[in-house]
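Below, each chain spelled out in residue letters.
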Protein chains: 2
Amino acid sequence: MRAVTIHGAGDVRVEHVPDPVLRDPTDVLVQVTHTCVCGSDLWAYRGVSPREPGQRIGHEFIGVVTETGREVTTLRPGDTVVAPFIWSDGTCDRCRTGLPTSCPRSGIWGQPGADGAQGEAVRVPFADATLVRVPADVDDSLAPALLTLTDVMCTGHHGAVAAAVAPGRRVAVVGDGAVGLCAVLAARRLGAEDVVLLGHHEDRARIAHRFGVTATVRSTGEEAVEQARDLSGGRGFDSVVEAVGTATALRTAISVAADGGTVGFVGVPHGGDGSVDVRQMFYRNIALRGGLAPARAYIPELLPDVLSGALDPAPVFDCTVGLDEAPDGYAGMAARQVLKPLIRL
Amino acid sequence: MRAVTIHGAGDVRVEHVPDPVLRDPTDVLVQVTHTCVCGSDLWAYRGVSPREPGQRIGHEFIGVVTETGREVTTLRPGDTVVAPFIWSDGTCDRCRTGLPTSCPRSGIWGQPGADGAQGEAVRVPFADATLVRVPADVDDSLAPALLTLTDVMCTGHHGAVAAAVAPGRRVAVVGDGAVGLCAVLAARRLGAEDVVLLGHHEDRARIAHRFGVTATVRSTGEEAVEQARDLSGGRGFDSVVEAVGTATALRTAISVAADGGTVGFVGVPHGGDGSVDVRQMFYRNIALRGGLAPARAYIPELLPDVLSGALDPAPVFDCTVGLDEAPDGYAGMAARQVLKPLIRL
């Protein structure tokens, strides 16, 4: 089958790789129908996050079950499924308490030895626990929105939940990438009346407004902090979602937070030394919560809203390519000409 | 009157200073009966936290009101009062939402231009809002326990609250100073069945056991992390209080936390670069909350338990001196021969 592989900075290829086969009795095979490129794939593409040469890549996919292991009980060939970006066993203490990302048997698609999401098929471990089945009669037009549940929408939601977004709380989102935009949607869904977005891309601001943002701050650095704080009436924001992953973005998030406020951080830390100055947090009693989104735990809550149309994150995909054009999707995203490319197989 | 002043590293003196006078109509004057030395005073004494030569010092005191400004309505001469370590106006948004430490008109005893707590008398701004009156018939033997409400007990409580201590959660406290010991008391009071203390002083472990600690870890570094995690059944602690303020202690606190757990940090950040590595927090979904304790907001909750004897933090004072012997108290504490000296006037 064909799959995307990464060979070095700026070098992703579509290559022939062995077809996946069932290995464990709890596995299923999924034929991928839709996948996409994540901001964290881009850190590998830029050479910031190391990968083995030829390693598979991509961790977001939906598709159709084609074969099931003998211990699989809830899935059948033909089922349409959403795959969270991390698989998990569903039986451990962590899975049962809503943190499948910390399951000792978890893994991420595309890690060495595992199929990447950007390919024609994927072997799924612990399939009953990992995959979420979609009702059979769902319209194909919902596929892009369903695809966001694999990572980006759940990650935006995690940021908003971690930042304790609730009605009556002032909310800011730092970062206008797809995660930041999904955090805007999530914050509105959780009852925030006003959401301020910090991000300097004009085209993304348009999506943000469609998603319900109240105001955008397009400047950077100290000027952005000042403008954002002005928009909060000078007091700062009760809930701030950090959706970039750089030390600068985290510093900005803390700086625009109100004293006693909470920063929900979901940008994968990369570059720099991964540190945050705790002094400002200490003297202003600012909390920092978040991390890797437990997507599997959130999908059951968000899926009904996607199916009803109440939640539609699909506009984060501003470009659709075929699998063979995946390298163009990476290049466009790296050049910031594309927000998030959907790959349709 | 006499008061303690600091002139440089290792140089605290008892000197004659001007008697305080009422300045604003909302002021009162308090004759100090009991004060003490805090771990954060020690950072000044060690030359780590800068002070102006001759600056007043000390921020924990209880005493008796001697004079009231004409706009003071709730206090009268003769009232026994507990003073939180930070004064606040009681009328602003921050004061009304439980975060008086962020009141724009707040200040700390001993800051330039303000009386320190280690002296015979203190001018108290916004006295109606700042001070908490103690019932007239309270026995003098409760004075040391009441004194802990000015800072150390409220700070330990803040750490436990920030760490989300609750019945059924596994709890660890990093640091066996007076704040760490008070955090043990606070955690037990909030329903923790098991509390593990990380700290290597044998004499303090004895107080900790009296305060209800289940186990102590006296090793340091990686060995301490490993032993503590073993005591948690390998999973880590749901709630961890960091009560030291060094980068090492914060790293230890995060390392012994369970995935999805919460670190409540109340050690005043000092030395080093004040940074924390967020990567471990991110991949394990560990939250960091806390900061400067809003003592004024906690005293009304803790005072009844101190008055009833249900909460007795007094054993953190292992030495009592007179005001003229305050420098000996500092020296003993700096040499780790004294845990926390009480100064009785």
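Residues numbered from 1 in each chain as written. Chains lettered and ligands numbered in written order. Predicted model: local features only at pLDDT ≥ 70, side-chain atom pairs only at ≥ 80, totals over all residues. Heavy atoms only, no water.

Draft legend 1. View of helix α8 (residues 221–231) of chain B. Residue and element names in this part refer to chain B. Buried residues of α8: Ala224, Val225, Ala228 and Arg229, and no others. Along the axis of α8, the buried residues cluster in a sector spanning 130 degrees; they form a single face. Projecting away from the buried face of α8 at angles above 90 degrees are the exposed residues Glu222, Glu226 and Asp230. At its buried positions, α8 is contacted by β12 (195–198), β13 (215–217), β14 (237–242), α9 (247–256), β15 (257–265) and α10 (278–284). (Buried < 20%, exposed > 50% of the residue type's maximum accessible area, 1.4 Å probe, protein only. Helix = DSSP H or I, 4+ residues; strand = E, 2+ residues; numbered from the N terminus. Arc of directions from axis to C-beta. Contact = heavy atoms within 4.5 Å.)

Draft legend 2. Inspection of the packing of α8 of chain B against α9 of chain B at higher detail. Residues and elements named next belong to chain B. The geometry of α8 relative to α9 is characterised by a closest axis approach of 9 Å and an angle of 30 degrees between their N-to-C directions. As far as their axial angle goes, α9 and α8 are roughly parallel. Between α8 and α9 the crossing geometry is right-handed. In this structure, α8 uses Val225, Ala228 and Arg229 to contact α9, whose residues at the interface are Thr252, Ser255 and Val256. Here the contact of α8 with α9 is built from residues that sort into three nonpolar, two polar and one charged. (Axes fitted to C-alpha atoms, helices over the stretch in contact; angles between N-to-C directions. Parallel < 35°, antiparallel > 145°, perpendicular 65-115°, else oblique. Left-handed = near helix turned anticlockwise from the far one by under 90°. Nonpolar A, V, L, I, M, F, W, Y, C, P; charged D, E, K, R; others polar.)

Draft legend 3. Up close: helix α12 (residues 326–334) of chain B. All names here are of chain B. Every buried residue of α12 is listed here: Ala326, Gly329, Tyr330, Gly332 and Met333. The arc that holds the buried residues of α12, viewed along the axis, is 165 degrees, so those residues lie on one side. If you follow the buried residues of α12, they end up packed against β1 (2–8), β2 (11–16), α1 (39–45), β18 (319–322) and β19 (341–344). After α12 finishes, the residue Arg336 shows a positive phi value of roughly 60 degrees.

Draft legend 4. Molecular detail of the packing of aromatic side chains. Here the structure, examined in full by the defined rule, presents 10 aromatic pairs over all chains. Their ring planes at 50 degrees and their centres at 5.0 Å tell us that Trp87 of chain A and Trp109 of chain A sit as a pair that is tilted. Pair noted here: Trp87 of chain A is in strand β7 (residues 86–87) and Trp109 of chain A is in the loop between β8 (107–108) and β9 (121–124), with a separation of 22 residues, a long-range link. The exposure classification of Trp87 of chain A matches that of Trp109 of chain A, with both residues buried. Between Tyr45 of chain B and Tyr330 of chain B the ring centres are 5.3 Å apart and the planes differ by 35 degrees, which places this aromatic pair in the tilted class. Of the two residues, Tyr45 of chain B is situated in helix α1 and Tyr330 of chain B in helix α12; the sequence distance between them amounts to 285 residues. For the pair Tyr45 of chain B and Tyr330 of chain B, a shared accessibility class is recorded, and that class is buried. A network of ring pairs unites the aromatic residues Phe61, Trp87 and Trp109 of chain A as a single cluster. For Arg46 of chain A, the ring lying beneath its charged end belongs to Trp43 of chain A, and the centroid distance is 5.2 Å. (Phe/Tyr/Trp six-rings, centres within 6.5 Å; stacked < 30°, edge-to-face > 60°. Lys NZ or Arg CZ within 6 Å of the ring centre and 35° of its normal.)

Draft legend 5. How the structure looks around the sheet that holds strand β1 (residues 2–8) of chain A. Residues and elements named next belong to chain A. Pairing is antiparallel across the open sheet formed by three strands, whose spatial order is β2-β1-β4. Edge positions in the open sheet fall to β2 (11–16) and β4 (55–56), since each of these has one partner strand only. Alignment of β1 against β2, held across six bridges, turns out to be antiparallel. Directly across from Ala3, in β2, lies its bridge partner Glu15. (Pairing = 2+ DSSP bridges.)

Draft legend 6. Layout of the sheet that holds β1 of chain B. Taken together, the three strands give an open sheet; going across it, the order is β2-β1-β4 (chain B), and neighbouring strands pair in antiparallel fashion. The sheet is open, and its two borders are formed by β2 and β4 (55–56) of chain B, each paired with just one other strand.

Draft legend 7. How the structure looks around the side chain of His157 of chain A. Its location among the elements puts His157 of chain A in helix α5 (residues 152–162). Taking relative accessible area as the criterion, His157 of chain A reaches 1% and is therefore assigned buried.

Draft legend 8. Structural view of the interface of chain A and chain B. Facing 37 residues of chain A, the contacting portion of chain B comprises 37 residues. Buried area between chain A and chain B, both sides added, is near 3,000 Å², and the carbon and sulfur share of it is 55%. One can count four salt bridges joining chain A with chain B. Note that Asp259 of chain A is salt-bridged to Arg94 of chain B, the shortest N-O span being 3.6 Å. Counting across the interface, chain A meets chain B through 12 residue pairs in polar contact (both at pLDDT 80 or more). Going through the elements one at a time, α2 (93–96), β15 (257–265), β16 (275–277), α10 (278–284) and β17 (287–290) of chain A are the ones with two or more residues in the side of chain A that touches chain B. (Buried area = accessible area lost by both parts, 1.4 Å probe. Salt bridge = Lys/Arg side-chain N within 4 Å of Asp/Glu carboxyl O. Polar contact = N/O pair within 3.5 Å; in protein donor to acceptor, adjacent residues only side chain to side chain.)

Draft legend 9. Representation of the UniProt feature "domain: Alcohol dehydrogenase-like N-terminal" (unreviewed entry) in chain A. The UniProt entry lists residues 25–133 of chain A under the feature "domain: Alcohol dehydrogenase-like N-terminal" (unreviewed entry), expressed in the numbering used here. Taken as a whole, residues 25–133 of chain A contains 14% helix and 30% strand, while its terminal C-alpha atoms sit 19 Å from one another. (UniProt positions renumbered as here; feature names shortened; annotations may be inferred.)

Draft legend 10. Examining the packing of helix α5 (residues 152–162) of chain B against helix α6 (residues 178–189) of chain B more closely. All names here are of chain B. Two numbers describe how α5 lies on α6: the axes approach to 7 Å, and their chain directions differ by 60 degrees. Of the possible angle classes, the one that applies to α5 and α6 is oblique. The element α5 and its partner α6 pack so that their crossing is right-handed. In this structure, α5 contributes Val152, Met153, Thr155, Gly156, His157 and Ala160 to the contact, and α6 contributes Ala178, Val179, Cys182, Ala183, Leu185, Ala186, Ala187 and Arg189. By residue class, the composition of the contact of α5 with α6 is 10 nonpolar, three polar and one charged.

Draft legend 11. Fine view of unusual backbone geometry. If you check the backbone angles, Arg336 of chain A has positive phi at about 60 degrees while not being a glycine. Residue position: Arg336 of chain A is located in the loop between α12 (326–334) and β19 (341–344). If you check the backbone angles, Asn285 of chain B has positive phi at about 50 degrees while not being a glycine. Residue position: Asn285 of chain B is located in the loop between α10 and β17 (287–290). Given the relative accessible area of 8%, Asn285 of chain B is considered buried.

Draft legend 12. Quick look at the relation of the copies chain A and chain B. The two copies are related by a screw operation: chain A maps onto chain B through 180 degrees of rotation and 0.0 Å of translation along the axis, at an RMSD of 0.0 Å. The operation mapping one copy onto its partner corresponds to a two-fold rotation axis. Taken as a fraction of all interface residues of chain A, those also at the interface in chain B reach 100%, which identifies the copy contact as same-surface. (Least-squares fit on C-alpha atoms with pLDDT ≥ 70 in both.)

Draft legend 13. A look at a negative patch on the surface. Residue and element names in this part refer to chain A. Residues Glu222, Glu223, Glu226 and Asp230 make up a contiguous surface patch of negative charge. With respect to the helices and strands, Glu222 occurs in helix α8 (residues 221–231). Given a relative accessible area of 64%, Glu222 falls into the exposed group. (Patch = residues over 30% accessible without salt bridge, like charges linked within 9 Å, V, L, I, M, F, W, Y side chains within 5 Å. Areas by Shrake-Rupley, 256 points an atom, 1.4 Å probe, with all protein chains shown as cover. Lys, Arg positive; Asp, Glu negative; His and termini not counted. Charge placed at Lys NZ, Arg CZ, Asp CG, Glu CD.)

Draft legend 14. Broad picture of the domain arrangement of chain A. Residues and elements named next belong to chain A. Domain annotation of chain A identifies domain 1 (2–151 + 294–344) and domain 2 (155–290). Here the C-alpha centre of domain 2 lies 26 Å away from the C-alpha centre of domain 1. Listed per partner, the contact involves 19 residues of domain 1 and 19 residues of domain 2. For the pairing of domain 1 and domain 2, the buried interface totals around 1,600 Å² over both sides, and the portion due to carbon and sulfur atoms is 65%. Taken as a group, Tyr298, Pro315 and Leu339 account for 31% of the area that domain 1 buries against domain 2, more than any other trio of residues on that side. The tally of links between domain 1 and domain 2 comes to two salt bridges. (Domains from an automatic or database assignment.)

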